[in-house]
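# Structural description and commentary
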Amino acid sequence: MKRLLGASVPLGAALLAFMFGAIMILFLGEDPIAGLRAIIDGAFGTGDRLAATAVRATPLLLVGAGITIAFRASVINIGGEGQIIAGALLSTAVALWIPGTPKVLLIPLVILAGLVGGGIWGAIPGALKAYASVNEILSTIMLNIVAIQLMNYLLRGPMIDPIEVGTSRIPQTQRLTDNAALPTLIDGSRLHLGVPIAILAAVLVYIMLFRTPLGFRLRAVGHNPDAARAAGISVEKNIVSALGMSGALSGLAGVVLVFGSESLRLVTDGGSAGFTGSAGFNGIVAALFGGLHPLWTIPSSFLFGSLLTGATELQRALQIPNALAIALNGLIVLFVVSSDRVRAWLDRRLDKSMRPGDAA
Amino acid sequence: MEHTPLLSMHNITKTFPGVLANDDVSFDVRNGEVHTLLGENGAGKSTLMKILFGLYKPDSGEIRLRGEVASITSPTSAIEQRVGMVHQHFMLVPTLTVAENVALGLTSSRGFRTDLDVVSDRITEISEQYGLSVDPEIDVWKLSVGERQRVEIIKALYRDAELLVLDEPTAVLTPQEVADLFVILRQMTDAGTGIIFISHKLHEVLELSDRITVLRNGRVTGHTTPAETSRQQLADMMVGREVKLAPDKPHVDLGLARLRLRNLSVKGDRGTMAVVDADLDVHAGEIVGIAGVSGNGQRELAETVAGLRPAEAGSSVSIDDVDLTTATPARTRAAGLSYVPEERMKDGAVGEFQVSENLLLINHAEARFRRGPLFDFAKIRDHCQELVDQFSVKTPSLATPTSSLSGGNIQKLIMARELESKPSVILAAQPTRGVDIGAAEYIHSQLVEQRNEGVAILMISEDLDEILGLADRIAVMFEGRIVKVVDRENATKEELGLAMAGAEVDA
Ligand SMILES: Nc1ncnc2c1ncn2[C@@H]1O[C@H](COP(=O)(O)OP(=O)(O)O)[C@@H](O)[C@H]1O
Ligand SMILES: [Mg+2]
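Residues numbered from 1 in each chain as written. Chains lettered and ligands numbered in written order. Predicted model: local features only at pLDDT ≥ 70, side-chain atom pairs only at ≥ 80, totals over all residues. Heavy atoms only, no water.

### Considerations on helix 6 (residues 175-190) of chain B
All names here are of chain B.
- With 16 residues, helix 6 should cover 22 Å at 1.5 Å per step; its first-to-last C-alpha distance of 23 Å lies within 8% of that length.
- Among the residues of helix 6, Glu177, Val178, Leu181, Phe182, Ile184, Leu185, Met188 and Thr189 are the ones counted as buried. Considered in projection along helix 6, the buried side chains sweep an arc of 165° and stay on one side of the axis. Among the exposed residues of helix 6, those oriented more than 90 degrees off its buried face are Gln176 and Asp190.
- Here the buried face of helix 6 lies against strand 3 (34-38), helix 4 (116-130), helix 5 (145-158), strand 7 (163-166), strand 8 (194-199) and helix 7 (202-208).
- Positive phi shows up at Gly192, right after helix 6, with a value of about 100°. (Helix = DSSP H or I, 4+ residues; strand = E, 2+ residues; numbered from the N terminus. Expected span 1.5 Å × (residues − 1). Buried < 20%, exposed > 50% of the residue type's maximum accessible area, 1.4 Å probe, protein only. Arc of directions from axis to C-beta. Contact = heavy atoms within 4.5 Å.)

### What to know about the pattern of salt bridges
- For the coordinates displayed, the defined rule picks out 45 salt bridges over all chains.
- Taking the shortest distance from any N to any O, the salt bridge between Glu136(A) and Lys129(A) comes out at 3.1 Å.
- By relative accessible area, which is 5% here, Glu136(A) ends up buried.
- Asp269(B) is paired through a salt bridge with Arg309(B); the nearest N and O atoms lie 2.8 Å apart. Note that Asp269(B) is positioned in the loop between strand 11 (257-267) and strand 12 (273-283) and Arg309(B) in the loop between helix 9 (298-305) and strand 14 (316-319), a separation of 40 residues in sequence. (Salt bridge = Lys/Arg side-chain N within 4 Å of Asp/Glu carboxyl O.)

### Let's talk about the packing of helix 2 (residues 32-44) of chain A against helix 3 (residues 47-72) of chain A
All names here are of chain A.
- For the pair helix 2 and helix 3, interaxial distance at closest approach is 5 Å and the crossing angle is 85°. As judged from the angle between their axes, helix 2 and helix 3 are roughly perpendicular. Mapping the contact onto sequence places Asp41, Gly42, Ala43 and Phe44 in helix 2 and Arg49, Leu50 and Thr53 in helix 3.
- By residue class, the composition of the contact of helix 2 with helix 3 is three nonpolar, two polar and two charged. (Axes fitted to C-alpha atoms, helices over the stretch in contact; angles between N-to-C directions. Parallel < 35°, antiparallel > 145°, perpendicular 65-115°, else oblique. Nonpolar A, V, L, I, M, F, W, Y, C, P; charged D, E, K, R; others polar.)

### Quick word on the sheet that holds strand 12 of chain B
Residue and element names in this part refer to chain B.
- Pairing within the open sheet is antiparallel, and its four strands lie in the order 12-11-14-15. The open sheet has two edge strands, strand 12 and strand 15 (322-323), and neither has a second partner.
- One ladder, built from seven bridges, connects strand 11 with strand 12; its direction is antiparallel. In the sheet register, Leu259 faces strand 12, and the bridge partner there is Val282.
- Lying over the sheet, helix 9 contacts strand 11, strand 12 and strand 14, oriented at roughly 120° with respect to strand 11. (Pairing = 2+ DSSP bridges.)

### Quick word on the confidence of the model for chain A
- Across chain A, the average pLDDT comes to 86, with 90% of residues at or above 70.
- Confidence drops under a pLDDT of 50 for residues 352-360 of chain A, and excluding neighbours within four residues, the segment shows eight contacts in the predicted structure. (pLDDT = per-residue confidence, 0-100.)

### Some details on the pairing of strand 7 of chain B
All names here are of chain B.
- Along strand 7, one buried face is formed by Leu163 and Val165 and the opposite face, lined by Leu164 and Leu166, is buried too.
- Alignment of strand 6 (residues 83-86) against strand 7, held across four bridges, turns out to be parallel. Bridging from a neighbouring strand, Val83 pairs with Leu163 of strand 7.
- Pairing analysis gives four bridges linking strand 7 to strand 8, with the strands arranged parallel. Pairing of Leu163 across the sheet is with Gly194, part of strand 8.
- Of the crossover connections in this fold, the one passing from strand 7 over helix 6 to the parallel strand 8 is right-handed. (Right-handed = clockwise from strand over helix to strand, strands pointing away.)

### Structural notes on the interface of chain A and chain B
- Between chain A and chain B, the contact holds 21 residues from the first and 31 residues from the second.
- Taken together, the two surfaces of chain A and chain B that pack against each other cover about 2,200 Å², and 64% of this comes from carbon and sulfur.
- In this assembly, chain A and chain B are joined by two salt bridges.
- Notably, a salt bridge pairs Lys346(B) with Asp226(A), separated by 3.7 Å at the nearest N-O pair.
- Secondary-structure elements contributing two or more residues to the side of chain A that touches chain B are helix 8 (194-211), helix 9 (213-223) and helix 10 (225-230) of chain A. (Buried area = accessible area lost by both parts, 1.4 Å probe.)

### Some points on the sheet that holds strand 3 of chain B
Residues and elements named next belong to chain B.
- The six strands are arranged 6-7-8-3-9-10 in an open sheet whose pairing can be described as mixed. The open sheet has two edge strands, strand 6 and strand 10 (219-224), and neither has a second partner. Taking the axes of each pair of neighbouring strands and ignoring which way they run, one obtains an average angle of 20° across the sheet.
- Contacting strand 3, strand 7 and strand 8, helix 6 runs over the sheet at an angle of about 150° to strand 8.

### What about the site of ligand 1?
- Lining the immediate environment of ligand 1, one finds 14 residues, of which Gly42(B), Gly44(B), Lys45(B), Ser46(B) and Thr47(B) sit closest.
- Close to ligand 1, residues of chains A and B are found.
- A distance of 2.7 Å separates an oxygen atom of ligand 1 from a polar backbone atom of Gly42(B).
- Protein chains bury 79% of the 560 Å² of accessible surface belonging to ligand 1 in isolation. (Near = heavy atom within 4 Å. Polar contact = N/O pair within 3.5 Å; in protein donor to acceptor, adjacent residues only side chain to side chain. Areas by Shrake-Rupley, 256 points an atom, 1.4 Å probe, with all protein chains shown as cover.)

### Describing the domain arrangement of chain B
All names here are of chain B.
- You can read the domains of chain B as domain 1 (1-82 + 162-170 + 179-241), domain 2 (89-160) and domain 3 (257-349 + 419-500).
- Each side of the interface is counted separately: domain 1 has nine residues, and domain 3 has five residues.
- Both faces combined, the contact of domain 1 with domain 3 buries some 650 Å², and carbon together with sulfur accounts for 44% of it.
- Where domain 1 packs against domain 3, one counts two salt bridges. (Domains from an automatic or database assignment.)

### Considering the pairing of strand 2 (residues 19-29) of chain B
Residue and element names in this part refer to chain B.
- Looking at chain direction, strand 1 (residues 7-16) and strand 2 are connected through seven bridges and run antiparallel. Across the sheet, residue Thr15 finds its bridge partner in strand 2, namely Leu20.
- Turn length for the strand 1-strand 2 hairpin, with the two strands adjacent in sequence and antiparallel, is two residues, and the turn residue Gly18 shows positive phi of about 80°.

### Observations concerning the nonpolar core
- Residues Phe259(A) and Ile474(B) are the most contacted members of the largest nonpolar core, which totals 135 residues.
- Among the elements that line this core, the one with the most residues is helix 11 (residues 235-259) of chain A, at twelve residues.
- Those residues in contact with Ile474(B), other than ones at most four positions away along the chain, are Gly289(B), Ala291(B), Ile467(B), Leu468(B), Lys484(B), Val485(B), Val486(B), Arg488(B), Ala491(B) and Leu496(B).
- Counting residues in each nonpolar core, the second largest holds 46 residues, with Tyr130(B), Leu166(B), Leu173(B) and Leu181(B) among its members. (Core = buried A, V, L, I, M, F, W, Y, C linked by side-chain atoms within 4.5 Å.)

### Looking at the packing of aromatic side chains
- For the coordinates displayed, the defined rule picks out eight aromatic pairs over all chains.
- Measuring from centroid to centroid gives 5.2 Å for Phe16(B) and Tyr56(B), while their planes differ by 75°, and the two rings are edge-to-face. Note that Phe16(B) is positioned in strand 1 and Tyr56(B) in the loop between helix 1 (45-52) and strand 4 (60-65), a separation of 40 residues in sequence.
- Take Phe16(B): its relative accessible area is 27%, and that puts it in the partly exposed class.
- Aromatic ring contacts, followed pair by pair, group Phe216(A), Phe353(B), Phe375(B) and Phe377(B) into a single cluster.
- Stacked on the ring of Tyr442(B), the Lys or Arg Lys412(B) has its end atom at 5.9 Å from the ring centre. (Phe/Tyr/Trp six-rings, centres within 6.5 Å; stacked < 30°, edge-to-face > 60°. Lys NZ or Arg CZ within 6 Å of the ring centre and 35° of its normal.)

### Some details on helix 13 (residues 279-289) of chain A
All names here are of chain A.
- With respect to burial, helix 13 is a largely interior element, ten of its eleven residues being buried.
- Residues of helix 13 that are buried: Ala279, Gly280, Asn282, Gly283, Ile284, Val285, Ala286, Ala287, Leu288 and Phe289.
- Within two residues after helix 13, Gly291 carries a phi angle of roughly 65°, on the positive side.

Have a look at this one:
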C-alpha cells in the first residue's frame, strides 16, 4: 500500500511535467500529440536511437546509483560534475601514458583509474565533513569548480593534443588509440560496454546497501548517527566511504563519457556541461525520481535518457527548440523535488494511521 | 459526614475497534483532594479522561458533576462546567506570549479590542496565589518544559476550573520540577479544587494522592489510599499478578575489579567540568548504583566510559586492565563493555531500522551472519527470533520498524542485544525509565542474573527505589563529584537523599 503510493508520486510528477510541456508546445503553435510522438520516435524509433538513448542514460545511471549511496548515508552529494571530470582526467591520463597496452588490460585499467579519480574527488568533501564539519553541499559544489579549472588547465597545457599546440589550441587531448575504445555490444551500433556496466553497478549498489555489513553501517549512520556511534560504528569513516563510493561511480561515468564517445578524447568548452552534459546534476534527479533506490534508478535513468534523445527529434520534426526538452527536464526536477515533500508527508500520514494510537 | 462528590463517573464503557478501552469504570473525585488514576500504558486512563473532557463519547455510562447528571459534549462544554485539562502534549502556541496563549479562545472583555493587560493582571494574580511564578509577557518558546506545564495549569485556572485533570504531568519533568509541581497542586487542593492525577510512577502516586484508583486493561482493579497500600500492592494491582519489585539477589563473592575509573574528569557540552576527579571500581559480581539528581555529571561519566566523550588529561578508564581512556566506542566494546544508553531512541536504537537490524547493530559484521560477503538472512532471522523469544520482546514481526514498539519493548530489545555479546562490564543508564512495571521487572532480573555470573555492572539511575533494590554498592554524584560511596546494607534513603542534594560532602 505504502509502496504503491510511493511509486505513484514520481509518476504523477512526470505526468504533470508532460502536461506543462504539452501546454508549452500548444503556445508555440504546434500539436502536442505530434510533439509527444516525436519524442517517443526520437528516443525509441529505431535500433540506433534506442542505442543512443541507452548511451545517454548510462552516465545518469552511474551518477544516480552513487547518489543513492550518499543520500542513504544522509550526505548530500552535489559534486557529480567534478567527480565525473576527475575520473575522466585520471583515466585519460592513464590511457595517454600507456597507449600500447592490449585492450583486455587497458579497459580495466582505465575503469580503475576513473573509479579512483572520482573516488578521491568524493572522499575529499567526505573527509572535510567528517573531520572538520565542513558542509558537504558547499564543498562538493566548490570542488566542481576546482575540477573544471583543473581540466581547463590540463587540456590547455600538459595534456593538450600536440597537433593543437601550434595551431588553433582547442583545449582537448589527442584522439586515444582505438584499443582504448569501450567495446561495442552489437557491431555497427553505438551500444557499448558502458551500458551493461552501469546496470551492473546499480545492482551491485543495491546488494551493497541492503545485503552487506558495509551498507548496513552506511544506512545506520544515515538514519541515526548517535545510535550508530554508540554501537561502535564509526560515523566519520562511513561518511567518507559513502561520499568516496558515490564519487567513484561518478568517476566511472567520466570514463564512459570519454572512452565511449565517438571522438574518443577528452575535450572542454571551458565549463563542465560541454563535457558531462550535466550528467552530474541530472543523475541526482534520476536518483530522486527513482526514490533513492538503486534498482528504481535504472528505469528512471532510462526515462531521462530518452527525454534527452527524444528532444533532438522534437527539434527536427517540429522546429521546436530543444531548450523545451531542457525545460521539461527542469519541470520534472521541480515536480519530483516538491513531490518528495509530498511523499515525506504521505509517509508520515501513513505511519500515523497504521500505528495503534497511543494517545498518551 | 457525606459530601456530594465534585465528579462521579458511573459505569463508563468505551470501545475502539477491537479494543475495550474502558470497561464499566466508576470512580469519583471530591473537592480538595488528589485522586490518582494509576495504570500501565494502555490501561485506559487517557481514554477515560478524554470522555470526561468531551473528546470521546462513551458507549454507555453516566457523568455527574456536583451531583447533577452532566452532558459534556465538547471541550468547550467541559470548560463551561469548570473542568480543566492539562494534556501530556501541551497545546500552546510557542510564538505567542503566555498572556496571549491564555487569552486564546476567550472573548475579550472589551468586545473587539484585546484586553491582554487585563489577562496579564489576572495571570499575575493567579500566579502569585499558587506560587506559579510565570511572567505573562514572555514568549512561550523561551520557557522550559516545566514552565510550559505551569502555563497550561494557569490556562485552566484562568477559566475557573474546579476540577483539574493532569495526564501524566510528571513524565516530562525533572525530579526538582516534580517536587515543585506537587507543591502547586497541594495549594490548589487547599483552595478546594479537585484534582485527577495520572501516573504510573509508584513513589509519586504514594506521595501525592489522597485516593487511588487502579486500572488494568480498561477495568478498575482496586480503589485504595496511600495509608492502606504499598508499592508492592499497587504494582500487583497494576500488573495483575505478583510482581517482584526488587529481585532476589543471592550472595556472590566479589571478584577482581573489572571496571576502574581513576581521577576521571570530563567536560560537559558547555565546556564546563561535568565530572570531577571520580574514582570508582566495579568488581566482578557486583552492581554499583550511581544515584543522583540528573544533570550532576552522570550522563557525561557514562558517555566517557562508553568511549563517546573524551576524558581530561590525567584521567584513566580501564576494563580488565586494558586502558580505555582514549578508546573509541568500538574498542571499549571489544574490551568487553556493553552499554545501555539513557536515551534509548537517540543513542540506543535506530528508529527507522527493523527490529532485526537493531538487534544486529553491534555484531552485524560477524562471520556467522554472512555467507561470503553477503548477509545470510536465514541465519539472521533464526538468531533474532531467538533473542526476541528469550527476552520476550513483544513485536508483530522481526521486520517491524523499531520506533513503533513501546518503550519497554525497545528497552528489552536493547538489553537483548547488549547481553548477547557476553560482556564483562555492563553500563546501564536509567535502564527502566518510562518502562512498564512488567518490563522493568524483567530487565532487573536480567541485570541481577548477569551479576551472579560475574559481570561487573555500573547502573545509573535517578530512581532511588531502583538503586536500593538492585545495587550492592551505591555511589552518589553531586555537581560532578562522587560525594558518597556506601554498601547497600548501610544505606538509608534519607541519607542518600541528603547526599544527592549536596547536603553532606564527606567523600
Ligand atoms: N483513538 C483510539 N483509537 C483506537 N484505539 C485507541 C484510541 N485511543 C486509545 N486506544 C486504545 O485504548 C487503550 C487504552 O488507551 P489509553 O486510554 O491511551 O491508555 P493509557 O492512557 O492508560 O495509557 C489502548 O489499547 C489504546 O491502544
Ligand atoms: Mg495515556
